[in-house]
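# Fold and contact review
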Amino acid sequence: MGSLLPAITGTMWLYIVWRFVWPMGSSVWVRLGLVLLLLLASQVHQITSRYFGSLASPEVPHAVLVVLVWAFAFVLLLSILLLLRDIIGVLVWLPLRQSGRWVLGAPAVRLGLGVLALGLATLGVWQAIRVPDVRQVSVTIPHLPAALDGYEIVQLTDLHASQLLPRSWQASVVARANQLKPDLIVITGDLSDGTVAARADDVQPLARLSAPDGVIAIPGNHEYYSNYLQWIHAYRALGLTLLENSHVLIPHGGATLAVVGLTDVQAQRFGLPGPDLHAAMQGVPADAMVLLLEHRPGSAPENARAGVTLQLSGHTHGGQILGLHYLTQRANNGFVSGLYTVGNMALYVSSGTGLWNGLAVRLGRPSEITRITLRADR
């Protein structure tokens, strides 16, 4: 992805120059100035990763990073809008030549798209970095023990603690989760971005998460990008129960809830154990309800066949942009956001509590703190 990104963003920039900037009636110097500004905006990730940290974790002040991700969002959205205009224009031009030329070349259309991209980028970044609302989800479980009817789980996922979502944002999420007073809190991966030293203060609020049956977390793919073993130690030092292809048994009113947690497939790139459901479920009682935490949702069919009752996942961020979320869905075996029935198993894919700075925009795919209530099938 690191080598492909400049080619993608460079193509976006060239397309905007060709179809938006150069046709403008302004002087050559004004257009050249816009070309340079748009080039810098399109290459934000290359600049910050080279001089200010890494692609996953640019170490620049929060306010500066917000401006940078907004500039990149503007370039992305403008390139998409221009492409849509050109496709529509060609389709109109085929039967109606004059109308098609107007769509393709009218200054009013071009200006309108620029203003629309500015507005959408502003709205999208605000939606991305605000503290999420609570999403209430009821999951009906066949043969659920009566003791677990009404059991409440708060799911956080993709917190991505960083300069973009710093300590203050994390503290607000923690406070909102604790106010829900669930029986159990789970975090399904991608807790932070950057090194332990850089993020130690930003993840500190996670130590205040509290639920009677504990706070259980699993790693996501981002945990492996900055010294995984240090991060696992740091998370456990915060009081989180971190599962790596293992499980914990939670007795509740005479019933047993088995919480099973897997590692991420990214682990294998670093010589670490990838997800192993068979190993993780060794010793789980046959009559236990099995709650599986797996960062990515794609292996849900295999997990259902293995006897999992409910799987909670994240990773997709809900696709982030309505319409484009179909690409994310395709890349995740058809799962992108919400509640699914997979064989005899229920799967819930959260749209994410936070997101990483590489694409800090949400349009029509809001973030969430998820409150899941288990219900018996009556």
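Before any of the text, the structure's been laid out above.
Now for a quick tour of the structure. (Residues numbered from 1 in each chain as written. Predicted model: local features only at pLDDT ≥ 70, side-chain atom pairs only at ≥ 80, totals over all residues. Heavy atoms only, no water.)

## What about the packing of helix α8 (residues 196-203) against helix α9 (residues 228-237)?
Threshold: Angles shown run from 0 to 180 degrees and are taken between the N-to-C directions of axes, each axis being a line fitted to C-alpha atoms and, for helices, limited to the stretch in contact. Secondary structure elements are defined from DSSP: runs of H or I of at least 4 residues count as helices, runs of E of at least 2 residues count as strands, and each element is numbered from the N terminus. Here the angle decides the label: under 35 degrees means roughly parallel, over 145 means roughly antiparallel, 65 to 115 means roughly perpendicular, and every other value means oblique. Left-handed describes a crossing whose near helix is turned anticlockwise from the far helix through less than a right angle; right-handed describes the clockwise counterpart. By definition in these notes, contact holds between two residues if any of their heavy atoms fall within 4.5 Å. The residue classification treats Ala, Val, Leu, Ile, Met, Phe, Trp, Tyr, Cys and Pro as nonpolar and Asp, Glu, Lys and Arg as charged. All others, Gly included, are polar.
It is at 11 Å that the axes of α8 and α9 come closest, and there the two elements cross at 25°. Taken together, the axes of α8 and α9 lie roughly parallel to each other. The hand of the α8/α9 crossing is right-handed. Residue-level contacts link V196, R199 and V203 of α8 to Q230, W231 and A234 of α9. A class-by-class count of the residues in the contact of α8 with α9 yields four nonpolar, one polar and one charged.

## Details of the environment of S57
Note the following rule: A 3.5 Å cut-off defines polar contacts: any pair of N or O atoms within that distance qualifies, except that in protein one atom must be a possible hydrogen donor and the other a possible acceptor, and neighbouring residues in sequence count only when both atoms are side-chain atoms.
When you line up the elements, S57 lands in the loop between α3 (44-51) and α4 (62-93). For the pair S57 and D193, spaced 136 residues apart in sequence, the C-alpha to C-alpha distance is 5.5 Å. Ignoring sequence-local partners within four residues, the contact set of S57 consists of F52, D193, G194, R199 and N357. A polar atom in the side chain of S57 sits 2.4 Å from the side chain of E59. Side-chain polar atoms of S57 contact the side chain of R199, separated by 3.0 Å.

## Focus: the sheet that holds strand β1 (residues 133-141)
Basically, it comes down to this: At least two DSSP bridges between two strands are required for those strands to pair.
With respect to topology, six strands assemble into an open sheet ordered β1-β12-β2-β3-β4-β5, the strand pairing being mixed. If you trace the sheet from one side to the other, it starts and ends with β1 and β5 (241-242), each paired once. Both strand β3 (residues 184-188) and strand β4 (residues 215-218) contribute to a ladder of four bridges, which runs parallel. Considered in β4, the bridge of I187 is made with A217.

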